[in-house]
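# Report on the structure
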Amino acid sequence: MTASDNLRQRLKTGGTIAAPGAPDSLTARLIEQAGFEAIYMTGFGATASRLGRPDIGLLTQTEMTTHARDMARAVKLPIIADADTGYGGPANIARTVEEYAQAGVAAIHLEDQVAPKRCGQLAGIRLIPAEENIRRLKCAIASRPAHGPLIIGRTDAMPAIGPQEAVRRALMYQDAGVDLVFVDGIKKISEVEIVARQVPGPKVVSIVDGNETTALTIRDLEQMGFAVVFYAVTALFTAARAVADALAVLRRDGTPAKAASAMMSYAEFSALVDLPRFQALDETYG
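This report concerns the structure included in the present document.

Scoring rules and cut-offs
Throughout, residues of each chain are indexed from 1 in the direction in which the sequence is written. It should be noted that, the model being predicted, local features are given only for residues of pLDDT at least 70 and side-chain atom pairs only at 80 or more, the latter also being counted only at that level, while totals for whole chains, interfaces and linings use all residues. For the side-chain quantities, the full set of heavy atoms in the structure was used; hydrogens and water were omitted. Note on aromatic pairs: the rings of Phe, Tyr and Trp (six-membered ring only in Trp) are paired at centre separations within 6.5 Å, and the planes decide the class, stacked below 30 degrees, edge-to-face beyond 60, tilted for the rest. Where helices and strands are cited, they refer to DSSP runs of H or I of at least four residues and of E of at least two residues respectively, numbered from the N terminus. Any residue under 20% of the maximum accessible area for its type is buried, any over 50% is exposed, and the rest in between are partly exposed; the area is computed with a 1.4 Å probe on protein chains only. The rule for a charge over a ring is simple: NZ of Lys or CZ of Arg within 6 Å of the ring centre, and within 35 degrees of the ring normal. What makes two strands pair is DSSP finding at least two bridges between them. What counts as an axis is a line fitted to C-alpha atoms, over the stretch in contact for a helix, and the angles between N-to-C directions run from 0 to 180 degrees. For this analysis, residues touch if any pair of their heavy atoms sits within 4.5 Å.

### Section: the packing of aromatic side chains
Under the defined criterion, the tally for this structure stands at three aromatic pairs. Between tyrosine 40 and phenylalanine 230, the aromatic rings sit 3.8 Å apart at their centres with planes inclined by 0°, giving stacked as the arrangement. With tyrosine 40 in strand β2 (residues 39–41) and phenylalanine 230 in strand β8 (residues 228–231), the pair connects residues that are 190 residues apart, well separated along the chain. Phenylalanine 230 carries the same exposure label as tyrosine 40, and that label is buried. An angle of 90° between the planes, with centres 5.3 Å apart, marks the rings of phenylalanine 182 and phenylalanine 230 as edge-to-face. Taken together, the residues phenylalanine 182 in strand β6 (residues 180–183) and phenylalanine 230 in strand β8 connect sequence positions 48 residues apart. In this structure phenylalanine 230 comes out as buried when scored by relative accessible area, which is 0%. Just above the ring of phenylalanine 278 sits the side chain of arginine 277; from NZ or CZ to the centre is 4.4 Å.

And the structure:
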């Protein structure tokens, strides 16, 4: 059974799947270790971890699918991956779907922004016409191999135009045949409630740290009818703060001793990266 088959089966059982964002394979392993059901391969985090740059469409299709492949090899959980705008026209979209399928991800989302895209939380988002994006989504669905990834139709109309257009596009993308819809760029609880009320069927929501939507629990979101919730930047922002604080202590004191209480031990980290398994191979066959 493929990762996409597993995710499909899980969605049929109901409830809300929490998928924390992983900027890299190490964070993906931490998410798996913590007991979550799925991982969100965030483009925001991938761009930050690979380039140290903002999410403004800088990573290529090859870089993103390679990133996804590495992450899928590191964990057993289903991965939901950011596929940006599909990286070009119909032929590019077809190849994008094929590459992500070969990478082993369970689902991808494709958005309706003008390329180069930008993070859904930023100002200045520009959209392509909804009708054009429907053709792109249908191309993705038609190009999907057997047991290939679920296709999530994402719209960034909420911050760009407003809730009425966001709902209109989400409903249109559902009619086009996507597996789930995703209204991104939500910053207010009232916007979550609008999507919950006006968009039936399987849908995704992203809870972004720093917005008032963090007051909503997963139980709240389940009652609202969301199938999946992304916590796209929680791990990334937490890790960045922890590293910055540890380096500040090291720079100030000339030793990391006072930062040690917030660190993993060498043994804990070795277990996280699966060192004992490789040591066992060496002992048996080396």
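### Concerning the sheet that holds strand β7 (residues 203–206)
With respect to topology, eight strands assemble into a closed barrel ordered β1-β2-β3-β4-β5-β6-β7-β8, the strand pairing being parallel. For this sheet, the mean angle separating the axes of adjacent strands, direction not counted, is 25°. In this structure, strand β3 (residues 79–82) lies alongside strand β4 (residues 107–111), joined through three bridges in parallel fashion. Each residue of the ladder has a partner; that of aspartate 82, found in β4, is histidine 109. Of the strands in this sheet, β1 (17–22), β3, β4, β5 (150–155), β6 and β8 are in contact with helix α1 (residues 3–12), which crosses β5 at around 70°.

### Observations regarding the side chain of threonine 96
Here threonine 96 is to be found in helix α5 (residues 90–103). Residue class for threonine 96 comes out buried when judged on its relative accessible area of 1%. Ignoring sequence-local partners within four residues, the contact set of threonine 96 consists of Gln61, Ala83, Gly86 and Tyr87.

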